[in-house]
Amino acid sequence: MRIDRVANEDQAQPSDAIAVFGAAQYVGHPSPVFHARLDKVVSLYRRDMAPLIITLGGSADGRTGRTEGGVGRDYLLAQGVPYDRIIAETESIDTEQQSEILADIARQRGWKRVIVVSDGTHLFRIRALCRRQGLNVLTSPRAPFGNLSGWGHFERVAHEMLSYTFLRMHVEAGWAKRWMEGREEF
């Protein structure tokens, strides 16, 4: 299956930038998933894979108003990444918007190639979204942690298959999610 093939391949090579896709943060601290993604980015940065890092994500928690992109930036700063090497994107609310904004940043800066970091199963769709925007990306999955059951893996792959199907059908992701949750009429 193509989702699993991309999930298990690290394509990281020297590039113009590294982009980390947002994940949950709690009261200004990365969730375990986001923490693992950010650790992967730090590792790539320290191996001189790219001179710049983009933290993506505008979703904010209700208590502090902190965004994924801002929390990611703060985490990278605490790991010793210089402030002028980080671009914090704090407006996007989903993967599709993150891909669009990343492509806009890359076009404005004349970048040729970007390494994208996320969960392995998420990278197949991210790559498709970025390619749709004309952005050349290399995928680099975060390290696995904990014990993911067979059912948990199936759920992640099924989510990505459904999301990718909506992408191919040109269905706006936010609408599809609201419809599946019963908050939107067909």
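An account of the accompanying structure is given in this report. (Residues numbered from 1 in each chain as written. Predicted model: local features only at pLDDT ≥ 70, side-chain atom pairs only at ≥ 80, totals over all residues. Heavy atoms only, no water.)

## Some details on the overall build of the protein
Looking only at helices and strands, the protein has 7 helices and 7 strands in total. Helices and strands appear in the protein in the N-to-C order α-β-β-β-α-β-α-β-α-β-α-β-α-α. Taking all 186 residues of the protein together, the buried fraction comes to 49%. Across the protein, the fraction of contacts at a sequence separation of at least 24, relative to all contacts at a separation of at least 6, is 70%. Accessible surface computed for the protein: about 9,800 Å², of which carbon and sulfur atoms make up 51%. (Helix = DSSP H or I, 4+ residues; strand = E, 2+ residues; numbered from the N terminus. Buried < 20%, exposed > 50% of the residue type's maximum accessible area, 1.4 Å probe, protein only. Contact = heavy atoms within 4.5 Å. Areas by Shrake-Rupley, 256 points an atom, 1.4 Å probe, with all protein chains shown as cover.)

## Here's the deal with the pattern of salt bridges
Scanning all chains against the criterion turns up 6 salt bridges. Put simply, Asp-104 and Arg-107 hold a salt bridge, and the shortest N to O gap is 2.7 Å. Taken together, the positions of Asp-104 and Arg-107, both in helix α4 (residues 95–109) and 3 residues apart, correspond to about one turn of that helix. Accessibility expressed as a relative area gives 35% for Asp-104, which makes it partly exposed. By relative accessible area, Arg-107 is classed as partly exposed at 47%. Its salt-bridge partner being Asp-119, residue Arg-142 comes within 2.7 Å of it at the nearest N-O pair. You can see Arg-142 sitting in the loop between β7 (137–141) and α6 (150–168) and its partner Asp-119 sitting in the loop between β6 (114–118) and α5 (120–132), a full 23 residues away along the chain. In this structure Arg-142 comes out as buried when scored by relative accessible area, which is 10%. Residue classification places Asp-119 among the buried residues on the basis of a relative accessible area of 10%. The structure contains a network of salt bridges with shared partners spanning Arg-37, Asp-119 and Arg-142. (Salt bridge = Lys/Arg side-chain N within 4 Å of Asp/Glu carboxyl O.)

## Things to note about the nonpolar core
Grouped together as the largest cluster of nonpolar side chains are 20 residues, with contacts concentrated most on Ile-18, Val-41, Leu-44, Ile-53, Leu-76 and Ile-115. Those elements giving two or more residues to this core turn out to be β1 (17–20), α2 (32–46), α3 (68–78) and β6. Ranked by the residues each element gives to this core, the list is headed by α2, at 6 residues. With 19 residues, the next largest nonpolar core counts Ala-17, Ala-19, Trp-111 and Leu-123 among its residues. (Core = buried A, V, L, I, M, F, W, Y, C linked by side-chain atoms within 4.5 Å.)

## Let's talk about the packing of α2 against α3
Helices that pack against each other are described as a pair by the angle of their axes relative to one another and the distance between those axes. Interhelical geometry of α2 versus α3 gives an angle of 50 degrees and a closest axis separation of 10 Å. On the basis of their axis angle, the class for α2 and α3 is oblique. Read as a crossing pair, α2 and α3 show a hand that is right-handed. Across from Phe-34, His-35, Leu-38, Asp-39, Val-41 and Val-42 in α2, the residues of α3 making contact are Glu-68, Gly-72, Tyr-75 and Leu-76. By residue class, the composition of the contact of α2 with α3 is 6 nonpolar, 2 polar and 2 charged. (Axes fitted to C-alpha atoms, helices over the stretch in contact; angles between N-to-C directions. Parallel < 35°, antiparallel > 145°, perpendicular 65-115°, else oblique. Left-handed = near helix turned anticlockwise from the far one by under 90°. Nonpolar A, V, L, I, M, F, W, Y, C, P; charged D, E, K, R; others polar.)

## Brief notes about the environment of Val-71
Relative to the helices and strands, Val-71 resides in helix α3. Between the C-alpha atom of Val-71 and that of His-29, which follows or precedes it by 42 residues, the distance is 6.5 Å.

## With respect to the pairing of β1
Side chains Ala-17 and Ala-19 of β1 all project onto a buried face; the interleaved residues Ile-18 and Val-20 project onto the opposite face, where all are buried too. Across 4 bridges, β1 lies against β6 in parallel orientation. Opposite Ala-19, over in β6, you have Val-116 as the bridge partner. One ladder, built from 3 bridges, connects β1 with strand β4 (residues 53–55); its direction is parallel. Directly across from Ala-19, in β4, lies its bridge partner Ile-54. (Pairing = 2+ DSSP bridges.)

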